[in-house]
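An overview of the molecular structure
Here is what each chain is made of, one letter per residue.
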Amino acid sequence: MPMLALPSLPPPPSMDHQTQTEQKPLVFDASVLRYESNVPAQFIWPEDEKPCAEPPPPLLVPPIDLGAVLSGDPLAISNATRLVNDACQKHGFFLVVNHGVNSQLIKEAHKNIDFFFGMPLSEKQRAQRKPGDHSGYASSFTGRFSSKLPWKETLSFRYCSDHQSSNIVENYFLNVMGEEFRQFGTLCQDYCEAMSTLSLEIMELLGMSLEVGSSYFRDFFEGNDSIMRLNYYPPCQKPDLTLGTGPHCDPTSLTILHQDDVGGLEVYYDEKWHSVHSNTDAFVVNIGDTFMALSNGIYKSCLHRAVVNNRTPRKSMAFFLCPKKDKVVSPPNGLIDTDNPRMYPDFTWPELLEFTQKHYRADMKTLHAFANWLQHKNTP
Ligand SMILES: C=C1C[C@]23C[C@H]1CC[C@H]2[C@]1(C)CCC[C@@](C)(C(=O)O)[C@H]1[C@@H]3C(=O)O
Ligand SMILES: O=C(O)CCC(=O)C(=O)O
Ligand SMILES: [Fe+2]
């Protein structure tokens with residue numbers, strides 16, 4: 001079988017950040033590192049990927065009034081489908097307002113995130129992510145990658161909307177963190193349920209804007225097997241050297257992000273980075289690689305990153321919508337024709353997830369690398 005070069009696959013950590021001498025393994029303890037003016041080399045990003053010297057121009061994206069769309073108002077629907085269609089063909093990014101998600105639920109979630117990440121490292125490590133697993137706590141990715149480390153801590157867990165998994169998030173918190181975290185678990189379960197509902201509503205809108213019918217993608221994501229991630233970006237004394245999350249397209253289908261009012265999210269469009277103003281009343285929505293494949297490349301997977309600052313910690317909550325395990329990601333016939341031939345091979349989400357967890361560090365070229373990898377894997 002021909003060997004494929006996978007440019008982002010890092011060498012095992014022992015190969016470059018631990019030398020023959022007595023160097024200790026790197027630990028990202030934010031309570032210490034946030035005051036450190038010497039940023040460890042593993043967190044320093046290459047010159048061409050460093051944050052912009054000046055604040056980048058804002059990305060002008062019209063907010064979509066989801067409430068008006070769901071009320072069935074024909075004018076609101078035609079406006080929203082036009083705006084979404086335009087945004088998704090250009091950069092794959094838009095905002096949703098009047099979304100119907102309880103603002104108290106969002107506030108409580110942010111409070112609990114502050115509490116969780118404010119705990120000592122050893123407490124958070126009770127939920128430590130295991131190698132090859134996408135769930136759990138990670139303080140940066142010190143054991144997983146050896147360079148271009150992100151200045152962030154994350155807590156990720158699986159959410160599944162089928163009936164057999166009704167308490168999957170609550171149970172995760174109970175099992176890994178214990179009884180004192182039951183309430184946080186219930187809150188995250190409720191939040192994920194709200195995100196799953198919201199994502200299916202957005203899928204109706206995407207079905208209308210791609211003219212395949214409002215139920216096509218909604219049905220495809222019924223019983224979704226998704227990932228929820230809480231991101232915490234501690235302050236950094238040298239924010240111009242590092243990144244909170246490096247440039248990437250989400251390999252997942254659709255991301256619904258809620259960010260606090262600190263700011264730091266940036267989107268690449270028209271050959272430059274743009275900042276995204278924070279608006280705590282809005283959800284930030286972006287297309288991911290799996291939806292790009294599902295739309296036969298018509299909607300773009302959004303290239304984005306997060307920068308950090310030297311003053312305030314920043315929080316965001318990302319719900320990564322993913323299809324049920326056995327769903328084949330294949331575009332509907334209405335999106336394929338002689339001018340628009342098939343762009344990507346059929347695949348299932350678990351295959352792409354495994355690719356990003358075991359073979360390739362997700363970046364801006366994941367879908368392309370994955371399509372090549374699949375092709376070589378399946379050619380004797
Ligand atoms: C399936 C996933 C892999 C990542 C988490 C979810 C969706 C986004 C991916 C990620 C955020 C893209 C940038 C690189 C990454 C390693 C990160 O910085 O967290 C990615 C996630 C991951 O592999 O854990
Ligand atoms: O925190 C943010 O603003 C972006 C996070 C992100 O892109 C991700 O978790 O995939
Ligand atoms: Fe992302």
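In what follows, the structure referred to is the one given above.
The notes below deal with the structure included here. (Residues numbered from 1 in each chain as written. Chains lettered and ligands numbered in written order. Predicted model: local features only at pLDDT ≥ 70, side-chain atom pairs only at ≥ 80, totals over all residues. Heavy atoms only, no water.)

**Side note on the packing of aromatic side chains**
Which entries qualify depends on this criterion: For Phe, Tyr and Trp, rings pair up if their centres lie within 6.5 Å, where Trp contributes its six-membered ring, and each pair is then called stacked (planes under 30 degrees apart), edge-to-face (over 60) or tilted (otherwise). Numbering of helices and strands runs from the N terminus; a helix is a DSSP stretch of H or I covering at least four residues, while a strand is a stretch of E covering at least two. To sort residues, take the accessible area from a 1.4 Å probe on protein chains only and compare it with the maximum for the residue type: under 20% means buried, over 50% means exposed, and anything in between is partly exposed. The criterion is that NZ of a Lys, or CZ of an Arg, lies within 6 Å of the ring centre and within 35 degrees of the ring normal, and then a charge sits over that ring.
Following the criterion strictly, the structure yields 26 aromatic pairs and no others. A centroid spacing of 6.4 Å and a plane angle of 40° characterise the contact between Phe 117 and Tyr 137, whose relative ring orientation is tilted. Note that Phe 117 is positioned in helix α5 (residues 103-118) and Tyr 137 in strand β3 (residues 136-139), a separation of 20 residues in sequence. On the basis of relative accessible area, Phe 117 is assigned to the buried category, the value being 3%. Relative accessible area serves as the criterion here: at 0%, Tyr 137 is assigned to the buried category. Ring geometry for Phe 220 versus Phe 221: centroids 5.0 Å apart, planes at 80°, classification edge-to-face. The ring of Phe 141 has Arg 144 sitting right over it, with the charged end atom 4.9 Å from the ring centre. The ring of Trp 273 is capped by Arg 305, whose NZ or CZ atom sits 4.2 Å from the centre of that ring.

**A look at the sheet that holds strand β12 (residues 314-321)**
Put simply, the rule reads: The rule for pairing is simple: two strands pair if DSSP sees at least two bridges between them. Under this scheme, a helix contributes an axis fitted over its contacting stretch, all axes are lines through C-alpha atoms, and angles between N-to-C directions fall in the 0 to 180 degree range.
Strand order in the open sheet made by the eight strands is β1-β2-β10-β7-β12-β5-β4-β3, with mixed pairing throughout. The two strands at the open ends of the sheet, each matched to only one other strand, are β1 (63-65) and β3. Strand-to-strand, the axes of this sheet are offset by a mean angle of 25°, without reference to chain direction. Note: β1 against strand β2 (residues 93-97), three bridges, orientation parallel. Across the sheet, residue Ile 64 finds its bridge partner in β2, namely Val 96.

**Here's the deal with the coordination of the iron ion (ligand 3)**
Just so we agree on the cut-off: Each metal site is built from N, O and S donor atoms within 2.8 Å (3.2 Å for Na, K and Ca), and since water is not included, such sites may look incomplete.
Those protein atoms acting as donors to the iron ion (ligand 3) are His 248 (NE2), Asp 250 (OD) and His 304 (NE2), and they sit at 2.1 to 2.2 Å. Sequence positions of the residues that donate to the iron ion (ligand 3) give the spacing H-x1-D-x53-H. The same class applies to His 248 and to Asp 250, which are both buried.

**So, the environment of Ser 295**
Here is the rule we go by: Here, residues are in contact when the closest pair of their heavy atoms is within 4.5 Å. Whenever two N or O atoms come within 3.5 Å, that pair is a polar contact, provided that in protein one can donate a hydrogen and the other can accept it, and provided that, for residues adjacent in sequence, both atoms are side-chain atoms.
Inspection of the secondary structure puts Ser 295 in the loop between α10 (289-294) and β11 (304-306). The buried category is assigned to Ser 295, whose relative accessible area is 0%. The sequence separation of Ser 295 and Gly 207 amounts to 88 residues, and the corresponding C-alpha distance is 9.7 Å. Setting aside anything within four residues of it in sequence, one finds Ser 295 in contact with Leu 210 and Leu 335. Only 3.1 Å separates the side chain of Ser 295 from the backbone oxygen of Met 292, close enough to count as a polar contact.

Honestly, it's all geometry; don't read function into it.
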